[in-house]
Amino acid sequence: MVTCSQPYKGVLSLPKHIQAIRGMNDLLPEHAHYWQFVEDTLVGTLARYGYQEMRTPILESTELFERSIGEVTDIVEKEMYTFADRNGDRLTLRPEGTAGCVRAAIENGMLRNAALRLWYKGPMFRHERPQKGRYRQFHQIGVETFGFAGPDIDIELILVSARMLRALGLTDLRLEINSLATPEVRARYRSELVAYLSAHESRLDEDSKRRLTTNPLRILDSKNPEVQAIVADAPRLLDSLDEESYAHFRTVCAVLDNAGLSYTINPCLVRGLDYYTRTVFEWVSTALGSQGTVCAGGRFDHLVEQLGGPPTPAAGFALGLERLVVLLKERDAVVPRSAPQAYVVHFGEGAARSALVLAESLRDTLPGLRIMVHCGGGGLKAQFRHADKSGARFVLVLGDTEIANHVVTIKDLRDTIPQQTLPRADVPALLGKFLQTVA
Ligand code: ATP
Ligand code: MG
């Protein structure tokens, strides 16, 4: 209320509306079907390969990420949402799902003679600069396997990810693969790379100069064209793989060839996280600029041990769901919506209650039927408008006459099937038939 003693300053003087946090989005109902389609399709594909769901908390102790992701990565250096809770414990909103999954597997004793194929989905949090395809709360479906040392699981993971993306109708993505060898080989390569890049230090950008001492391998995937030109002539890790990593990589490539999956070997492909070993891969779209990677993963044979578990080979990947949804929307992909199939309108004394009872009995008799009952009153004309808006194909009418005669009128909103009035007991059979006709 505005009082006389305070001059009225207009809308601006009203309390500010509380808004969502920057980079964290609401998912509104009109977009929900994209997400349901993406999640159902991806999870359905994982079931076809025998992967099982795992759920872990969104909050973990900060140390888990410092020890797994690596202290000199972008994520740990500047992207984590970290705070002290009421007990003063340092907690972090998970920036990715692998660390929590490994922690849970160790803690629950799942890694003895492990042969695990797991998946998880949910929100991740990184304090990045929000832009299309990059948010501060985003969602991933991730897949992790434990206990498989050979290249067979790397290949399976790549094939699963390929099928997941195909199932969404995304058939024009590029698969890039590389090998990051073992930590020992990488350490030797790191000094070679640093020696080479130091010789060109004056031409490196600030970011790369800093990384020269912290995380030089990340310079390889710099987006800066001038840095890229220097990197083009840098020594390549792929040329100095140890024998086993080489054989591993050769098998991965050979089986992908046999499976008819095209890929590009990208010697500059290094992942943002420190823990990868040997095979790494990414699925990239050209449609999203520098947010083009929709799926990324690889092998991480030492992470379990690094987090205090028994030595356990591991490999996995994660898909960024926002980027997949953006791609589907940009392509005007036809994505199924689970609109109601039927809508009940009613008019007159007691009809509202009859309508609710009728719909309940139809749901009992016709499993899977999606039927809505009009609520909130209003004339038949207005109710028909609501029915139309709901996306339902059929309207069940319970007017005065129908109530008096214990009948129901079924109307096809597209006017293809002639309208019929029939006894209530016959409604399930006829509605069932109608739905089959239009399916
Ligand atoms: P980028 O290079 O794009 O920052 P990343 O290497 O940091 O990606 P990963 O940690 O490998 O990404 O995560 C796997 C996938 O999760 C990415 O390929 C991407 O699809 C998605 N992703 C990562 N960060 C974000 C973000 N901030 N917003 C939306 N999706 C993201
Ligand atoms: Mg990133």
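Small disclaimer: the values here were computed from a predicted structure and weren't measured.

S.K.: Explain the overall build of the chain to me, using residue names and the numbers behind them.
M.R.: Counting its regular elements, the chain contains 15 helices and 16 strands. At 29 Å, the chain has a C-alpha radius of gyration far larger than the 22 Å of a compact globule built from 439 residues. Projecting the C-alpha coordinates of the chain onto the three principal axes gives extents of approximately 90 × 75 × 45 Å. Residues classed as buried in the chain amount to 49% of the 439 residues present. For the chain, the accessible area works out to roughly 22,600 Å², and carbon and sulfur atoms hold 52% of it. In the chain, the 51 positive side-chain charges and the 53 negative ones have mean positions that sit 5 Å from each other.

S.K.: Lay out the pattern of salt bridges with the relevant residues and their values.
M.R.: Pairing is possible between side chains that carry opposite charge, provided their charged atoms lie close to one another. Under the criterion given, the structure shown has 26 salt bridges. Glu 360 is paired through a salt bridge with Arg 363; the nearest N and O atoms lie 2.7 Å apart. One end of the pair, Glu 360, and the other, Arg 363, are both in helix H12 (residues 351-365), 3 residues apart, so they sit about a helical turn from each other. What makes Arg 363 partly exposed here is its relative accessible area of 32%.

S.K.: Residues and numbers for the site of ligand 1, please.
M.R.: Among the 15 residues in the neighbourhood of ligand 1, the closest are listed as Arg 126, Glu 128, Arg 134, Arg 271 and Thr 293. Note that a nitrogen atom of ligand 1 is positioned 2.9 Å from one of the backbone N or O atoms of Tyr 135. Separating an oxygen atom of ligand 1 from a side-chain N or O atom of Arg 323 is a distance of 3.1 Å. Coverage of ligand 1 by the protein amounts to 89% of the 580 Å² it exposes when considered alone. Elements supplying a minimum of two residues to the shell around ligand 1: strand E6 (137-146), strand E10 (293-299) and strand E11 (314-320). If you tally residues by element for the shell around ligand 1, the top one is E10, at 4 residues. A class-by-class count of the residues in the shell around ligand 1 yields 6 nonpolar, 4 polar and 5 charged.

S.K.: Would you mind going over the domain arrangement of the chain in detail, with residue names and values included?
M.R.: Segmentation of the chain into domains returns domain 1 (29-181 + 241-330) and domain 2 (342-438). A straight line from the C-alpha centre of domain 1 to that of domain 2 covers 47 Å.

S.K.: Describe in detail the sheet that holds strand E4 (residues 90-93), supporting the description with residues and values.
M.R.: Ordered in space as E2-E4-E3, the 3 strands form an open sheet in which the pairing is antiparallel. Across the chains shown, the open sheet's two edge strands, defined by having one partner strand only, are strand E2 (59-61) and strand E3 (81-84). Here the strands of the sheet are splayed against their neighbours by 35 degrees on average, with no regard to which way each runs. Note that E2 and E4 share 3 bridges and pair antiparallel. If you follow Leu 59 over to E4, its bridge partner there is Leu 93. Lying on the sheet, helix H2 (residues 62-69) is in contact with E2, E3 and E4; it crosses E2 at an angle near 75 degrees.

S.K.: Any details on the pairing of strand E7 (residues 174-179)? Residues and values, ideally.
M.R.: Here E7 lies mainly inside the structure; 5 of its 6 residues are buried. By the bridge criterion, 6 bridges tie E7 to strand E9 (residues 277-284) in an arrangement that is antiparallel. The residue bridging Ser 179 from the neighbouring strand is Thr 279, located in E9. In terms of strand pairing, E7 meets strand E8 (residues 264-265) through 2 bridges, oriented parallel.

S.K.: So, the packing of aromatic side chains: which residues are in play, and what are the values?
M.R.: A full pass over the atoms with the stated rule returns 6 aromatic pairs. Centroid distance Tyr 275 to Tyr 276: 5.1 Å. Interplanar angle 50 degrees. Geometry classified as tilted. For the residue pair Tyr 275 and Tyr 276, the accessibility class agrees, reading buried in each case. Taken together, the ring pairs in this structure connect Phe 146, Tyr 275, Tyr 276 and Phe 300 into an aromatic cluster. Between the NZ or CZ atom of Lys 329 and the centre of the ring of Tyr 34, over which it lies, the distance is 5.2 Å.

Quick notes on the rules
Residues numbered from 1 in each chain as written. Chains lettered and ligands numbered in written order. Predicted model: local features only at pLDDT ≥ 70, side-chain atom pairs only at ≥ 80, totals over all residues. Heavy atoms only, no water. Helix = DSSP H or I, 4+ residues; strand = E, 2+ residues; numbered from the N terminus. Rg over C-alpha atoms; globule rule 2.2 N^0.38 Å. Buried < 20%, exposed > 50% of the residue type's maximum accessible area, 1.4 Å probe, protein only. Areas by Shrake-Rupley, 256 points an atom, 1.4 Å probe, with all protein chains shown as cover. Lys, Arg positive; Asp, Glu negative; His and termini not counted. Charge placed at Lys NZ, Arg CZ, Asp CG, Glu CD. Salt bridge = Lys/Arg side-chain N within 4 Å of Asp/Glu carboxyl O. Near = heavy atom within 4 Å. Polar contact = N/O pair within 3.5 Å; in protein donor to acceptor, adjacent residues only side chain to side chain. Nonpolar A, V, L, I, M, F, W, Y, C, P; charged D, E, K, R; others polar. Domains from an automatic or database assignment. Pairing = 2+ DSSP bridges. Axes fitted to C-alpha atoms, helices over the stretch in contact; angles between N-to-C directions. Contact = heavy atoms within 4.5 Å. Phe/Tyr/Trp six-rings, centres within 6.5 Å; stacked < 30°, edge-to-face > 60°. Lys NZ or Arg CZ within 6 Å of the ring centre and 35° of its normal.

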